[in-house]
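Architecture at a glance
Here are the chains, one letter per residue:
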Amino acid sequence: MDTHGAGTRPFISRVPVSRSRGRKSSPYPSGRDAGTRPAREIAKPRHRGQYVWPCGCGWVWLSFAIDWKFKMAKKRDQRSGPSSGRRENRIHSSSRQLERANSAPDGSKLVILFLFFFFVSSVIAVVVYRLRESSSSSSSSSSSSSSSHKGSYVYSRGLVTADVNYRDVLSENSRASQNISQRHYTYPVLAYITPWNSHGYEMAKRFNSKFTHLSPVWYELKSEQTNLILEGRHNVDRGWISDLKKAGEALILPRVVLEASPAELLKKKQRNKAINIIVTECKEMGYDGIVLESWSRWAAYGILHDPSIRNLALQFVKQLGETLHSTSSHRNNEQRLQLIYVIGPPSSERLQEHDFGPKDLETLSEAVDGFSLMTYDFSNPHNPGPNAPLKWIQFVLRLLLGNSGSRSNSLASKILLGINFYGNDFSLSRDSGGGGGAIIGRDYLALLEKHRPDLQWDKNSGEHFFFYADDRDIRHAVFYPSLKSISLRLEEARSWGCGISIWEIGQGLDYFFDLL
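Model, not experiment: these values are computed from the prediction.

Along the protein chain, the regular secondary structure elements total 16 helices and 15 strands. Here the protein chain holds 516 residues, and 50% of them are scored as buried. For the protein chain, the proportion of contacts with a sequence separation of at least 24, taken over those separated by at least 6, is 75%. When the accessible surface of the protein chain is totalled, it reaches about 24,500 Å², and 51% of it is carbon and sulfur.

Written as structure tokens, this is what we have:
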């Protein structure tokens, strides 16, 4: 990603972040699996929206926000310019009408008076009707929300609030409802689990019934000269898979990343071979399908700007989906293997050639069972701020699915809105080199225990954050999910009829699962 001088983009929520001078490399591995990812994982862009192309997401979105502000200011100036003239015209017009009315016969005055009162009463009636409808809708929504969280520990304790303190988090984070099998979010829920974070394996078993799909991050399809090799079976935990099947009915779809060169992979012969390798692994291991990640890799190779090669890339995904759909699941002969495809958010206000857009969504909609949308990693150490501003999430959904009037769009049901269970600890001092990076639940709790900070709510981004100074007196800003921030994103997804995808469940706090 591009970097730029600190101070040019605090962050979109306008939380007062400042820096001094200097810079050195980040003390954290970049990304959502900080502190736990093997060295070989750190060197490569992972499934976190870490785009490799030269246009940094934070920089582009900053430009977008600034352009939008200037445009709005300009429009206000244009509107305000002639307003005084219009007011004068209205005053003169009103004076002339008043003169005519005074000179008119009494009958005309009565007609004018009648029409005036008729118009005003009509307007009042419409306003009252709409207020009643709004109140009724709000009451219905509140009742529905209350009923959907019936039996939830965190709601009954009043913990889902913007007004939260560190003591509540430290004392309550490990608790959940006694009935952990009850689902509150009724749309599909995909949960990622990484082999370098064992806590995720435990959460998958404990809260199995909260999920519809579980995706352990195990496989990579690589090319060696003309050969294709599927690596990752050594990561597979057969005992864990057996425990999952006993614990609940969540489908198991391991993630497969296409690392193979697209120049070879997208040729018909190699394409057929790759698909056969993947489907065979599903059969032999008893999986329910796969989660495929390839779009970010293809973008990194720079092939998506070419219409013919882009079409071949889409054909690969379609053919894989169709082949999986024609293959029976080990669970049930009538159940078919599924394909979930990973897609990133657009890198700017307008779709770029490498972005996955509405046309691509439409093209793959029949062959793909769900699209795991990576709506996180909005900020980074060079542009510190919220991880996934709510308004940005709404913008991404509108860009893919259309305006709010299209929320009933059938494609929305295939979107799995990305929700992060990790956070970020950003260093704000340029003298220290800036930097910082991802933190997980145990890191967050340790910071709360040590610094006892005031948790602040940023309503613009819909996220909690706090500041602290480390042992070297360097100022930090910490953004980490809260019950309130997660609940807002669940409500947003629900309003579109979307499912959700969580990266990743080993990085969150236990009581987060009480919302699902």
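Now for the pattern of salt bridges. Evaluated as defined, the whole model comprises 17 salt bridges. For Arg-297, the salt bridge identified is with Glu-259, shortest N-O distance 3.6 Å. Remark: Glu-259 occurs in the loop between strand S5 (255-258) and helix H9 (262-265) and Arg-297 occurs in helix H11 (residues 295-301); sequence separation between them is 38 residues. We classify Arg-297 as buried; its relative accessible area is 7%. Taken together, the shared-partner salt bridges connect Arg-255, Glu-259, Glu-293 and Arg-297 into one network.

Now for the pairing of strand S6 (residues 289-293). With respect to burial, S6 is a largely interior element, five of its five residues being buried. Residue alternation in S6 divides its side chains into two sets, Gly-289, Val-291 and Glu-293 and Ile-290 and Leu-292, and both sets are buried. Where S6 lies against strand S7 (residues 338-343), four bridges are found, and the strand directions are parallel. Within S7, the residue paired with Val-291 across the bridge is Ile-340.

Membership of the largest hydrophobic core comes to 102 residues, with the highest contact counts inside it found for Phe-211, Trp-298, Phe-316, Leu-320, Tyr-341, Leu-401 and Tyr-444. Formed by 15 residues, the second largest nonpolar core is a distinct cluster that contains Tyr-192, Met-374, Ala-438 and Trp-503.

Moving on, we come to the sheet that holds strand S14 (residues 475-479). Taken in spatial order, the five strands line up as S11-S10-S14-S13-S12 in an open sheet, and their pairing is antiparallel. Edge positions in the sheet fall to strand S11 (436-439) and strand S12 (456-458), since each of these pairs with one other strand and no more. When strand polarity is set aside, the average angle formed by the axes of neighbouring strands in this sheet is 25 degrees. Of the strand pairs in this sheet, S12 and strand S13 (residues 463-469) are connected by three bridges, and their pairing is antiparallel. Looking at S13, one finds that Trp-457 is bridged to His-464. Sitting on the sheet, helix H15 (residues 441-451) touches strand S10 (423-427), S11, S13 and S14, and the angle it makes with S13 is about 55 degrees.

A few words now on the pairing of S13. Across the seven residues of S13, six count as buried, placing the element largely inside the fold. The turn joining S12 and S13, which pair antiparallel and follow one another in sequence, is formed by four residues; a positive phi near 70 degrees is taken by Gly-462. Hairpin connection of S13 to S14: five residues between the antiparallel strands, including Asp-473 at a positive phi of 65 degrees.

On to helix H12 (residues 307-325). With 19 residues, H12 extends 27 Å from end C-alpha to end C-alpha; this agrees with the ideal 27 Å at 1.5 Å per step. If you check which residues of H12 are buried, you get Arg-310, Ala-313, Leu-314, Phe-316, Val-317, Leu-320, Gly-321 and Leu-324. Axial view of H12: buried residues confined to an arc of 140 degrees, hence all on one face.

At their nearest, the axes of helix H10 (residues 268-285) and H12 sit 10 Å apart, and the two run at 35 degrees to each other. Crossing handedness for the pair H10 and H12: right-handed. Only Leu-312, Gln-315, Phe-316, Gln-319, Leu-320, Thr-323 and Leu-324 of H12 make contact with H10, whose side of the interface consists of Arg-271, Asn-272, Ala-274, Ile-275, Ile-278, Val-279 and Cys-282. Class assignment for the residues of the contact of H10 with H12 results in nine nonpolar, four polar and one charged.

Here Asn-380 lies in the loop between strand S8 (370-373) and helix H14 (390-401). A polar atom in the side chain of Asn-380 sits 2.9 Å from the backbone nitrogen of His-382.

At a closest axis distance of 9 Å, the pairing of helix H7 (residues 198-206) and helix H8 (residues 238-247) adopts a crossing angle of 25 degrees. For the element pair H7 / H8, the angle class is roughly parallel. Note on element contacts: H8 touches H7 through Trp-240, Asp-243, Leu-244 and Ala-247, opposite Tyr-201, Ala-204 and Lys-205. Residue composition of the contact of H7 with H8, grouped by class: five nonpolar, no polar and two charged.

A word on the confidence of the model for the protein chain. For the protein chain, the mean per-residue pLDDT works out to 80, and 70% of the residues sit at or above 70. Counted against residues more than four places away or in other chains, residues 133-144, with its pLDDT under 50, gives zero contacts. Taken as a whole, residues 404-408 scores under 50 in pLDDT and shows five contacts with residues more than four places along the chain or in a different chain.

Right, let's talk about the packing of aromatic side chains for a bit. Inspection of every chain in the model, using the stated rule, returns 24 aromatic pairs. Judged by centre distance (5.1 Å) and plane angle (55 degrees), the ring pair of Phe-378 and Trp-392 falls under tilted. Of this pair, Phe-378 sits in the loop between S8 and H14 while Trp-392 sits in helix H14; the two residues are 14 residues apart in sequence, bridging distant segments of the chain. Trp-392 sits in the buried class, given a relative accessible area of 4%. An angle of 80 degrees between the planes, with centres 5.5 Å apart, marks the rings of Phe-465 and Phe-467 as edge-to-face. Phe-467 shares its class with Phe-465; the two are buried. One aromatic cluster is present, built from ring pairs that chain together Phe-207, Phe-211, Phe-421, Tyr-444, Phe-466, Tyr-468, Tyr-480, Tyr-511, Phe-512 and Phe-513. Arg-475 extends its terminal NZ or CZ atom over the ring of Phe-467, reaching a point 4.3 Å from the ring centre.

Scoring rules and cut-offs
Residues numbered from 1 in each chain as written. Predicted model: local features only at pLDDT ≥ 70, side-chain atom pairs only at ≥ 80, totals over all residues. Heavy atoms only, no water. Helix = DSSP H or I, 4+ residues; strand = E, 2+ residues; numbered from the N terminus. Buried < 20%, exposed > 50% of the residue type's maximum accessible area, 1.4 Å probe, protein only. Contact = heavy atoms within 4.5 Å. Areas by Shrake-Rupley, 256 points an atom, 1.4 Å probe, with all protein chains shown as cover. Salt bridge = Lys/Arg side-chain N within 4 Å of Asp/Glu carboxyl O. Pairing = 2+ DSSP bridges. Core = buried A, V, L, I, M, F, W, Y, C linked by side-chain atoms within 4.5 Å. Axes fitted to C-alpha atoms, helices over the stretch in contact; angles between N-to-C directions. Expected span 1.5 Å × (residues − 1). Arc of directions from axis to C-beta. Left-handed = near helix turned anticlockwise from the far one by under 90°. Nonpolar A, V, L, I, M, F, W, Y, C, P; charged D, E, K, R; others polar. Polar contact = N/O pair within 3.5 Å; in protein donor to acceptor, adjacent residues only side chain to side chain. Parallel < 35°, antiparallel > 145°, perpendicular 65-115°, else oblique. pLDDT = per-residue confidence, 0-100. Phe/Tyr/Trp six-rings, centres within 6.5 Å; stacked < 30°, edge-to-face > 60°. Lys NZ or Arg CZ within 6 Å of the ring centre and 35° of its normal.

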